[in-house]
Amino acid sequence: MKEAFGGLTEKHVWKRPAEGLLSIGELAGHVAYWEAVRLAGEDGEPEPDLTKCRVSSLLIDSRFSYHPTTISQPPSEEHLAMTAEQVCRELLRVHQESVAYFKEIDPDLESCPPGCPPNYTYRAFLTYAAFHIAYHTGQIYTARYLLGEETPDN
């Protein structure tokens, strides 16, 4: 995902490329939110209590949890103040810290992450996480294209 941020114009970080589409910052927040909740969270509720998450970040915000929620709740002024470099750096930090906590707790990969259905295991989440991050990275490239940017070769 770091590559997708390369050369990103500041004015496009939080700009939605079209009605119903998320901004690059919102997509980064979505990825950060779910990595932190699933890999470093302690809450078993469907609506996680983010105060129980072992990683904190401006990007870990419930408004980024799901597309309809994000569309209906625009980013805060604090979010809008974050530059492309800050968003990218924060996303990478959340990823690294979440993975470190996950390794530290070393859960049984056949057990259930907090807030997931009983048949959804850590192994299933890790498999899905690779797809999830790649999918949203593709959305970032698409958003950049729609905003008129020339993107790095992906």
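1. So, the overall build of the protein
The secondary structure content of the protein amounts to five helices and zero strands. Counting helices and strands in the order they occur from the N terminus, the protein gives α-α-α-α-α. In terms of its C-alpha atoms, the protein occupies a principal-axis envelope of roughly 45 × 30 × 25 Å. Counting the 154 residues in the protein, one finds 44% classified as buried.

2. Things to note about the side chain of His136
In this fold, His136 is placed in helix 5 (residues 122-146). Residue classification places His136 among the buried positions, given a relative accessible area of 9%. A distance of 3.4 Å separates polar atoms of two side chains, one belonging to His136 and the other to His30.

3. Quick look at the confidence of the model for the protein
On average, residues of the protein carry a pLDDT of 91, and 94% of them reach 70 or more. In the model of the protein, helix 1 (residues 24-40) stands out as the element of lowest mean pLDDT, 93, in contrast to helix 3 (residues 77-80), which has the highest, 97.

4. Comments concerning unusual backbone geometry
Its identity as a non-glycine residue notwithstanding, Asp106 has a phi of 45°, on the positive side. Mapping Asp106 onto the fold places it in the loop between helix 4 (84-105) and helix 5. You can call Asp106 exposed: its relative accessible area is 60%.

5. What to know about the pattern of salt bridges
Under the definition given, this model contains seven salt bridges. Among the salt bridges present, the one from Arg89 reaches Glu85, with a minimum N-O distance of 2.9 Å. Taken together, the positions of Arg89 and Glu85, both in helix 4 and four residues apart, correspond to about one turn of that helix. Accessibility expressed as a relative area gives 47% for Arg89, which makes it partly exposed.

6. Here we look at the nonpolar core
Phe5, Trp14, Leu59, Val87 and Leu91 are the most contacted members of the largest nonpolar core, which has 29 residues in total. Where this core is concerned, the elements lending two or more residues are helix 1, helix 4 and helix 5. For this core, the element with the most residues is helix 1, which contributes nine residues. With residues up to four places along the chain from it excluded, the contact list for Phe5 reads Ile24, Ala28, Ala84, Val87, Cys88, Leu91, Ile140 and Arg144. Core analysis: the second largest hydrophobic core is formed by five residues, Leu39, Phe102, Tyr122 and Phe125 among them.

Calculation criteria
- Residues numbered from 1 in each chain as written.
- Predicted model: local features only at pLDDT ≥ 70, side-chain atom pairs only at ≥ 80, totals over all residues.
- Heavy atoms only, no water.
- Helix = DSSP H or I, 4+ residues; strand = E, 2+ residues; numbered from the N terminus.
- Buried < 20%, exposed > 50% of the residue type's maximum accessible area, 1.4 Å probe, protein only.
- Polar contact = N/O pair within 3.5 Å; in protein donor to acceptor, adjacent residues only side chain to side chain.
- pLDDT = per-residue confidence, 0-100.
- Salt bridge = Lys/Arg side-chain N within 4 Å of Asp/Glu carboxyl O.
- Core = buried A, V, L, I, M, F, W, Y, C linked by side-chain atoms within 4.5 Å.
- Contact = heavy atoms within 4.5 Å.

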